[in-house]
Amino acid sequence: MDVEKVFHMTGGVGKTSYAKNSSLQKKASDKVKHIIIQTVEELYIATTPNSIGIADLGCSSGPNTLSIIKDIFQAIQCTSHKIMHHSTEFRVYFNDLPTNDFNSIFKALPEFQRLLKQDKKNGFPSIFMGGYPGSFYGRLFPNSYLHFVHSSHSLHWLSKVPPGIYDEQGRPLNKGCVYICESSPAVVSQAYYKQFQEDFSLFLGSRSEELVVGGRMVLIFLGRRGPEHVDRGNSFFWEILSRSFAILVSQGEIEQEKVDSYDVHFYAPSKEEIEDEVRKEGSLKLERLEMFDIDKNEQSRESYGTEVAMAVRAIQESMISNHFGERILDSLFENYARLVDEEMAKDDIKPITYVLVLRKI
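Residues numbered from 1 in each chain as written. Predicted model: local features only at pLDDT ≥ 70, side-chain atom pairs only at ≥ 80, totals over all residues. Heavy atoms only, no water.

Enquirer: Explain empty space enclosed by the protein to me, using residue names and the numbers behind them.
Expert: Within this structure, the stated rule accounts for one cavity of 30 Å³ or more. Considering only enclosed or pocket space, the largest cavity measures out at about 40 Å³ in volume. In terms of lining, the largest cavity is formed by Tyr 44, Ile 52, Phe 73, Ile 76, Gln 77, Ser 80, Ser 87, Glu 89, Phe 90 and Pro 125. Elements that contribute at least two residues to the lining of the largest cavity include exactly helix H4 (63–83) and strand S2 (89–96). The dominant element in the lining of the largest cavity, judged by the number of residues it contributes, is H4, at four residues. Each residue belonging to the lining of the largest cavity can be placed in one class, and the counts come to six nonpolar, three polar and one charged. (1 Å grid on protein atoms, 1.4 Å probe; cavity = no way out; pocket = protein on both sides within 12 Å on 5 of 7 lines; lining within 4 Å. Points joined across faces, edges and corners; volume = space filled by probe spheres on them. Helix = DSSP H or I, 4+ residues; strand = E, 2+ residues; numbered from the N terminus. Nonpolar A, V, L, I, M, F, W, Y, C, P; charged D, E, K, R; others polar.)

Structure follows, in structure tokens:
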């Protein structure tokens, strides 16, 4: 399966859309918003650019996309007033795979720009915004073009399913599991780690070329606590998806062979694995690396299982539909929601997220 041609968050504003089911990602972004703002302020004071270039990589669509740009813009405006240096241009580039629902972003831009321009005291910079479709695993922009790069909940997605999880005849080695699980042979976790190393190294090297000296990046993505790949964190949610498929197999809805050939292009790195790749790349200084988890929403009208199931569906729907067809989606994620709630009744599930701050040196 060609990830770049198939994978995208569910577009539009319908019941199963990413726009309606990305509250968990919004919670994570809100939890580290102070880090983003502080980084932007330090960057602006250090570089005082006349034209500032900002890229949101893996922007997706929906309210989260423009929310963080508004926060960044306001932080820059506030800082520019304090130091009496006013940028004349504010450039924003929204990047995601070509299959992303860019139209939803474009439709929201006129009203978004109008809201930004409501505060016109001390002048107002020209704002240029546009879409930049393509994989961020490789170059996207000219040399020394960007001052700030933001990427939220994107870098745990690999450029492809690791080829090493299939044998020489193309047969799956990770049968019954969509990700690294208890029964996975060692070669499976090794293949996923190797793919992460290749992808993350390429990402860092590409962004280093595109950032000005002193430019910053804030990267937010899922990870794991320690060396073990299988835990009751992010990997456990994939374990539950595997179980949900198994129920459909037992009911005769799908074939076991079809499940065996479905694998996710995901990797949850450890702190040490992240640090190793940054150190090997060499041109970026890791100024901050923090791990955090997300508190569950006690006020939600839906169960935690339903909230997670809808979030996973909005993310995985394009890939699952391409492989199995759309007809299984409702029953698959009904099973998923129920299994999450059953597991939560036994013991907590604690996925963790990393936030990195990097500076071009």
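Enquirer: Before we move on, can you summarise the layout of surface pockets with the specific residues and values?
Expert: One number sums up the size of the second largest pocket: a volume of about 410 Å³. Together, 20 residues line the second largest pocket, and Lys 15, Asn 21, Glu 302, Thr 306 and Met 310 are the ones closest to its centre. Mapped onto the lining of the second largest pocket, the elements with two or more residues apiece are helix H2 (23–31), helix H10 (304–324) and helix H11 (329–346). Among the elements that make up the lining of the second largest pocket, the one with the highest residue count is H10 (six residues).

Enquirer: Requested: an account of the environment of His 85, with residues and values cited.
Expert: Structurally, the position occupied by His 85 is in the loop between H4 and S2. Counting along the chain gives 41 residues from His 85 to Tyr 44, while the straight-line C-alpha distance between them is 9.5 Å. Apart from the residues within four sequence positions on either side, His 85 is in contact with Tyr 44, Thr 48, Pro 49, Asn 50 and Ser 80. (Contact = heavy atoms within 4.5 Å.)

Enquirer: Can you break down the packing of helix H7 (residues 234–250) against H10 residue by residue, with the values?
Expert: It is the contact of H7 with H10, at a shortest axis distance of 12 Å, that shows an interaxial angle of 65 degrees. As H7 packs across H10, the resulting crossing turns out to be right-handed. Across the interface between the two elements, Phe 237, Trp 238, Leu 241 and Phe 245 of H7 pack against Tyr 304, Val 308, Gln 316, Ile 320 and Phe 324 of H10. A class-by-class count of the residues in the contact of H7 with H10 yields eight nonpolar, one polar and no charged. (Axes fitted to C-alpha atoms, helices over the stretch in contact; angles between N-to-C directions. Left-handed = near helix turned anticlockwise from the far one by under 90°.)

Enquirer: A description of H7 should follow, citing residues and the corresponding values.
Expert: Helix length check: H7, at 17 residues, gives a terminal C-alpha distance of 25 Å against a target of 24 Å (1.5 Å per residue), a fit within 8%. Counting buried residues along H7, 12 of its 17 residues qualify, which places the element largely inside the surrounding structure. Every buried residue belonging to H7 is among Asn 234, Ser 235, Phe 236, Phe 237, Trp 238, Ile 240, Leu 241, Ser 242, Ser 244, Phe 245, Ile 247 and Leu 248, and all of these are buried. Where H7 ends, the next residue or the one after it, Gly 252, has phi of about 80 degrees, a positive value. (Expected span 1.5 Å × (residues − 1). Buried < 20%, exposed > 50% of the residue type's maximum accessible area, 1.4 Å probe, protein only.)

Enquirer: Any chance you could break down the sheet that holds strand S1 (residues 51–57) for me, citing the residues and the numbers?
Expert: Note: strands within a sheet are paired through backbone hydrogen bonds, in either parallel or antiparallel orientation. One open sheet holds the seven strands; their spatial order is S3-S2-S1-S4-S5-S7-S6, and the pairing between them is mixed. Edge positions in the sheet fall to strand S3 (126–133) and strand S6 (284–293), since each of these pairs with one other strand and no more. For this sheet, the mean inter-axis angle between neighbouring strands, taken without regard to orientation, is 15 degrees. Note: S1 against strand S4 (residues 146–152), three bridges, orientation parallel. Looking at S4, one finds that Ile 54 is bridged to Phe 148. Lying over the sheet, helix H6 (residues 186–210) contacts S1, S4, strand S5 (211–223), S6 and strand S7 (352–360), oriented at roughly 150 degrees with respect to S5. (Pairing = 2+ DSSP bridges.)

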